[in-house]
Structure formats: C-alpha cells, structure tokens
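Each chain, written out:
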Amino acid sequence: EIVMTQSPATLSVSPGQRATLSCRASQSVSTNLAWFQQRPGQAPRLLIYGASTRATGIPARFSGSGFGTEFTLVISTLQSEDSAIYYCQQYNDWPPLYTFGQGTKLEIK
Amino acid sequence: QLQLQESGPGLVKPSETLSLTCTVSGGSISTRNYFWGWIRQAPGKGLEWIGSVSYSGGAYYNPSLKSRVTISSDTSENHFSLTLSSVTATDTSVYYCARHPGGYGSGKGEFDYWGQGTLVTVSS
C-alpha cells in the first residue's frame, strides 16, 4: 500500500496571503495524484487531478505541482472560504488501491 | 449534472451487516471507463477508500476490508450498493459514494463526483 503523508497538519495564514501544502508518497505515483477540499459538514470536492490539472470550475488561485513522490498544492490570494481540510489522493495502482493523505487543516486568520 | 445520493439505515447493530445504496442521476453507471466507489470517513478522521465497481460490473476492494465487503451494481436501477458484514464500532463513519474514471493503464482514478454522505453508527 502506498502511504501518503501530508504536511503541515495545520496551517494558519492571513487573508490575501499564499498557502503551500505538501504531500509525499511512500513510493512513486508518477502524476497520478489528486487534491480535494473538504469544508465542515460537506463532501470532499475535487480541486486538482493529474498532479497539476484544475478540475472544472476551480479558480486559478489553486495550483498543483509535483511528480513521483513530492507534490505541492498552492492556494494564492487566500479567502475566508478557503478555510477547510485539504487531502491528497494517489491513484497509481492497478488493480486500484487508492489511498489518501491524513489531511492538512487550513485556517484563515 | 451528475448527482449521487446515498441511502440506507443510519444505525446498525454490532456483528450485523451494513447495507447502503447509491442512486445515480444525470448519467449512467454503465458509461464506459467509469467506476463507482465507496469511501468512508470516521468522525474527525481522514478518508478511506473501501472499494469500487466498474461500468462492466467488476469489483475491486481495499485489502484491509476485502473479507467483509461486497460492492455490486444494478444497471436497470442505475444504482450501486455496498455491504459490510460483521460490523463493529470502528465501522462508524460517514459513508460517501463517488465516481472516478479508471481502468488498466488509464492513469486516472480521481473521484470527481461525490454524494453528500450518510452517517452510519454501529451501536446496540
């Protein structure tokens, strides 16, 4: 099983600033990685897939990068609505054995 | 617009079987190269993939749950289902159904549409 590790666990950033979230895989997943946003009481929402492609309707403030074992989600010009938990997910295996990171809680000060 | 909706009992007794259904509207579960999955989230915890069923009915499971899980689909009703046997309190979670593309060599597997989730509590 590929273990996904996210850091930091919690991040507190001021509105208008930029947040950088990291995700590391225990072995290479190429670019088979997605990022999700989960607000309290809601289902996760797909932000990024293929490590760097924004999902439909996701603003350009959200950008993903990385390859192999190291990935980054950058959220620029932070807004209060960005307060959420962010998860990464790998989908490199076939047959599928999908795994998620433990999440990064982003707080907007 | 594709929509998914989970349904089923919110309370299950220990040692019994949890059964949930995900009804899909706005699209067909037989659409080629799409899979239909279940993910759960224990209270205050992260996300765990339970398993998925393909557009052609083939099922794939998380090895950690494989001995207790069955996922099946009903194309006539356009829904897919989850059963989890011999439940314990640790199975108490919000259960989500979701769609993802996939297949051998596809390089895809991101969950792009989700249901709202349903809380299942295991308690006597």
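Up top is the structure.
Residues numbered from 1 in each chain as written. Chains lettered and ligands numbered in written order. Predicted model: local features only at pLDDT ≥ 70, side-chain atom pairs only at ≥ 80, totals over all residues. Heavy atoms only, no water.

K.L.:
Got a sec to walk through the layout of surface pockets? Specific residues and values, please.
P.N.:
Looking at the largest pocket, its volume works out to about 630 Å³. Contributing elements (two or more residues each) for the lining of the largest pocket: β4 (33-38) and β5 (45-49) of chain A together with β1 (3-7), β9 (93-101) and β10 (113-114) of chain B. With 3 residues, β5 of chain A is the largest single contributor of residues to the lining of the largest pocket. The calculated volume of the second largest pocket comes to roughly 390 Å³. What lines the second largest pocket is a set of 22 residues, and nearest its centre among them are Gln38, Ile85 and Tyr87 of chain A together with Gln41 and Lys45 of chain B. Each residue belonging to the lining of the second largest pocket can be placed in one class, and the counts come to 10 nonpolar, 9 polar and 3 charged. (1 Å grid on protein atoms, 1.4 Å probe; cavity = no way out; pocket = protein on both sides within 12 Å on 5 of 7 lines; lining within 4 Å. Points joined across faces, edges and corners; volume = space filled by probe spheres on them. Helix = DSSP H or I, 4+ residues; strand = E, 2+ residues; numbered from the N terminus. Nonpolar A, V, L, I, M, F, W, Y, C, P; charged D, E, K, R; others polar.)

K.L.:
Kindly report on the sheet that holds strand β1 (residues 4-7) of chain A, identifying the contributing residues and their values.
P.N.:
Residue and element names in this part refer to chain A. Pairing is antiparallel in the open sheet, where 4 strands are placed in the order β1-β3-β8-β7. Edge positions in the open sheet fall to β1 and β7 (62-67), since each of these has one partner strand only. Strand-to-strand twist across the sheet, computed as the mean angle between neighbouring axes with direction ignored, equals 15°. (Pairing = 2+ DSSP bridges. Axes fitted to C-alpha atoms, helices over the stretch in contact; angles between N-to-C directions.)

K.L.:
Requested: an account of the state of the cysteines, with residues and values cited.
P.N.:
Taken as a whole, this structure holds 2 disulfides over all chains when the rule is applied. Two residues share a disulfide in this structure: Cys23 of chain A and Cys88 of chain A, whose sulfurs sit 2.1 Å from each other. Across the S-S bond of Cys23 of chain A and Cys88 of chain A the torsion is about 75°, and the bridge reads as right-handed. A residue pair is termed long-range when its members are at least 10 positions apart, and Cys23 of chain A in strand β3 (residues 19-25) and Cys88 of chain A in strand β9 (residues 84-90) qualify at 65 residues. When its relative accessible area of 0% is taken as the criterion, Cys88 of chain A is described as buried. A sulfur-sulfur distance of 2.1 Å marks the disulfide that ties Cys22 of chain B to Cys97 of chain B. The chirality of the disulfide connecting Cys22 of chain B with Cys97 of chain B is right-handed, given an S-S dihedral of about 65°. Residue Cys22 of chain B is located in strand β3 (residues 18-25), and its partner Cys97 of chain B is located in strand β9; the two are separated by 75 residues in the primary sequence. (Disulfide = S-S within 2.5 Å. Buried < 20%, exposed > 50% of the residue type's maximum accessible area, 1.4 Å probe, protein only.)

K.L.:
Could you give me a rundown of the interface of chain B and chain A, with the residues and numbers involved?
P.N.:
Listed per partner, the contact involves 25 residues of chain B and 18 residues of chain A. Taking both sides of the interface into account, the surface hidden between chain B and chain A amounts to around 1800 Å²; carbon and sulfur atoms contribute 69%. The three residues of chain B that bury the most area against chain A are Leu47, Trp49 and Glu110 of chain B, which together make up 31% of that side's buried surface. The tally of links from chain B across to chain A stands at 0 salt bridges. Across the chain B-chain A interface, the total number found is 5 residue pairs in polar contact (both at pLDDT 80 or more). At the level of elements, β4 (34-41), β5 (47-54) and β9 of chain B are the ones that each hand at least two residues to the side of chain B that touches chain A. Partitioning the side of chain B that touches chain A into residue classes produces 11 nonpolar, 9 polar and 5 charged. (Contact = heavy atoms within 4.5 Å. Buried area = accessible area lost by both parts, 1.4 Å probe. Salt bridge = Lys/Arg side-chain N within 4 Å of Asp/Glu carboxyl O. Polar contact = N/O pair within 3.5 Å; in protein donor to acceptor, adjacent residues only side chain to side chain.)

K.L.:
Which residues make up the sheet that holds strand β8 (residues 79-84) of chain B, and what values do they have?
P.N.:
Residue and element names in this part refer to chain B. The strand order across the open sheet formed by 4 strands is β1-β3-β8-β7, and the pairing between neighbours is antiparallel. The sheet is open, and its two borders are formed by β1 and β7 (69-74), each paired with just one other strand. Adjacent strand axes in the sheet meet at a mean angle of 20°, parallel and antiparallel pairs treated alike. In this sheet, β8 lies alongside β3 in antiparallel orientation, the contact comprising 6 bridges. Of the residues in β8, the one forming a bridge with Leu18 is Leu84.

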